[in-house]
Amino acid sequence: QSYDVEEIEGVGRVTAQKLRESGYNTALDVAYAGVKELADVLGSEDRARQIIAAAQRLVGLNNFVTALEVYERKRNVQYISTGVKALDELLGGGIETRAITELAGEFGSGKTNFCHQLSVMVQLPEDKGGLKGKALFIDTENTFRPERIVQIAKYRGLDPKEALKNIFYARAYNSDHQMLIIDEAKKIIPKENIRLIVIDSLVAHFRSEYPGRENLAERQQKLNHHIAQLLKLADIYNAAVVVTNQVIAQPDMFFGNPLKPAGGNVIAHGATYRIWLRKGKENIRVARILDSPMHPESEATFKITEEGLID
Ligand code: ADP
Ligand code: MG
C-alpha cells in the first residue's frame, strides 16, 4: 500500500508541497530518509526527525522484522537475465533487484558492454528474462553508445527506437554531480517504471578528485553515503543497481590476485554481488563471482559480439 505525504501526521499542504518538490513523493520516501537530508528540506533537524518518525509509523516501518518478513521480502526479488545462459546460471537467475551488483575488471574486460546489454534486457517481457521496465544509465566516462543499444535491441527483438526511449541517460561530470543525479533520480524512478540503475563507473570521479592516502577518509565517507543512497533506491523501488569498478594493481601483493577493485572495502561491503570480468582469447570474456552470500564461487564464459553479450 502506498501513502501520500499528506497522510503523515504533522504534514500539511505546504510541507507536502516542499517534500514533493524535493522528490519525496510518498510517505515511504520520507520513512527511508535521513535526518540531515530531510532537514535541508524542512529547515530543522528536530522537525525532520519528527516527520520521519511519523512516516515510519504510518508505513509500518519497524527496526525489527521477523525472519518470515525477510523471507517474504526476499521472494519479492526479481531477476534481469543477462542474455547469456551460462551467466544467468552462475548468478542463480540473473541480476537481482533490491541489490547492488558490481562489475569489476580491467580496461576492455567488457564492463561497459555489460551495462548496455542490461539496459536492453530489462525492457524485455518477463517470459523473455526482462522486467518490462526502463533503465537509468549514469555515465561518468562518456562511453555510452546509443548505436550499441540499437544493435543489441534488434538482436533481442525490440524496436530500436523504443529501446532508446526507454533508457534515461545522465552524464555525471564530477562526484558531487553524480550524487545529485541519484538524489534527483527518485523523482523519475517510480513515474517511469525504472527497474535498472546503471553507474558506469561508480568510482572514477571519486578516485580522481580525492587522490592519495591523505584524502582516503573523505573519499570513502562520500562513497559510503553514495552507496547507501543506491541501496535505498534499490530497496524502495525493487530495482537492480549495477555499478562498474575499475581494478587497480597491488604492487605489494605476492600471492593470489594482484588486482583489486579500486573502491576498496566500502564497495566490498556495499555491493551485494561482485562479478569479476577478465579477458580471454579474442572476444571471449570470463566472469567469476566472489563475495556472494548465496552462490559458491564459480566461473562462466561469454562472448562480446556485434549483437552484444552472447553464450
Ligand atoms: P570496459 O568497460 O571494461 O573497459 P568495454 O565494455 O568497453 O570494456 O569493452 C571493450 C571491448 O568490447 C572492446 O575491446 C571490443 O573488443 C568489444 N566490443 C565493443 N564493441 C563491439 C562490437 N560492436 N562488436 C564486437 N565487440 C565489441
Ligand atoms: Mg567502460
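Criteria and thresholds
- Residues numbered from 1 in each chain as written.
- Chains lettered and ligands numbered in written order.
- Predicted model: local features only at pLDDT ≥ 70, side-chain atom pairs only at ≥ 80, totals over all residues.
- Heavy atoms only, no water.
- Phe/Tyr/Trp six-rings, centres within 6.5 Å; stacked < 30°, edge-to-face > 60°.
- Buried < 20%, exposed > 50% of the residue type's maximum accessible area, 1.4 Å probe, protein only.
- Helix = DSSP H or I, 4+ residues; strand = E, 2+ residues; numbered from the N terminus.
- Domains from an automatic or database assignment.
- Contact = heavy atoms within 4.5 Å.
- Buried area = accessible area lost by both parts, 1.4 Å probe.
- Salt bridge = Lys/Arg side-chain N within 4 Å of Asp/Glu carboxyl O.
- Polar contact = N/O pair within 3.5 Å; in protein donor to acceptor, adjacent residues only side chain to side chain.

Moving on, we get to the packing of aromatic side chains. A full pass over the atoms with the stated rule returns 3 aromatic pairs. On the numbers, 4.7 Å between centres and 55° between planes, the contact of F137 with F144 is tilted. As far as burial versus exposure is concerned, F137 and F144 are alike and both buried. An angle of 35° between the planes, with centres 4.9 Å apart, marks the rings of F144 and Y169 as tilted. Of this pair, F144 sits in the loop between β4 (134–139) and α8 (146–155) while Y169 sits in strand β5 (residues 167–171); the two residues are 25 residues apart in sequence, bridging distant segments of the chain. Aromatic rings pair up to connect F137, F144 and Y169 into one cluster.

Domain annotation of the protein chain identifies domain 1 (5–59) and domain 2 (74–310). Each of domain 1 and domain 2 was reduced to a C-alpha centroid, and the two centroids are 31 Å apart. At the junction of the two partners, domain 1 supplies 11 residues and domain 2 supplies 7 residues. Here domain 1 meets domain 2 over a buried area of about 710 Å², counting both sides, of which 47% is carbon and sulfur. A per-residue breakdown of the area domain 1 buries against domain 2 is headed by D29, Y32 and E37, which together make up 56% of the total. Linking domain 1 with domain 2 are 2 salt bridges, by the criterion used here. Notably, a salt bridge pairs E37 with K232, separated by 3.2 Å at the nearest N-O pair. Counting across the domain 1 and domain 2 interface gives 4 residue pairs in polar contact (both at pLDDT 80 or more).

Okay, the environment of G34 next. With respect to the helices and strands, G34 occurs in the loop between α2 (27–31) and α3 (35–42). Between the alpha carbons of G34 and Q220 there is a distance of 19 Å; along the sequence they are 186 residues apart. Sequence-distant contacts of G34, that is, excluding residues within four places in its chain, are made with I52 and K232.

Let's shift gears to the environment of K191. Checked against the element boundaries, K191 lands in helix α10 (residues 175–192). Along the chain, K191 and K161 lie 30 residues apart, while their C-alpha atoms are 20 Å from each other.

So, about unusual backbone geometry. Note that the residue after D200, namely S201, is joined by a cis bond; omega there is 0°. When you line up the elements, S201 lands in the loop between β6 (194–200) and α11 (204–209). Not every positive phi belongs to a glycine, and K132 is a case in point at roughly 50°. Its location among the elements puts K132 in the loop between α7 (111–121) and β4. Residue classification places K132 among the exposed residues on the basis of a relative accessible area of 59%. Residues other than glycine seldom take positive phi values, yet E282 does so here, at roughly 45°. Tracing the backbone shows E282 in the loop between β9 (273–279) and β10 (284–290). Here E282 falls in the exposed class, since its relative accessible area comes to 75%.

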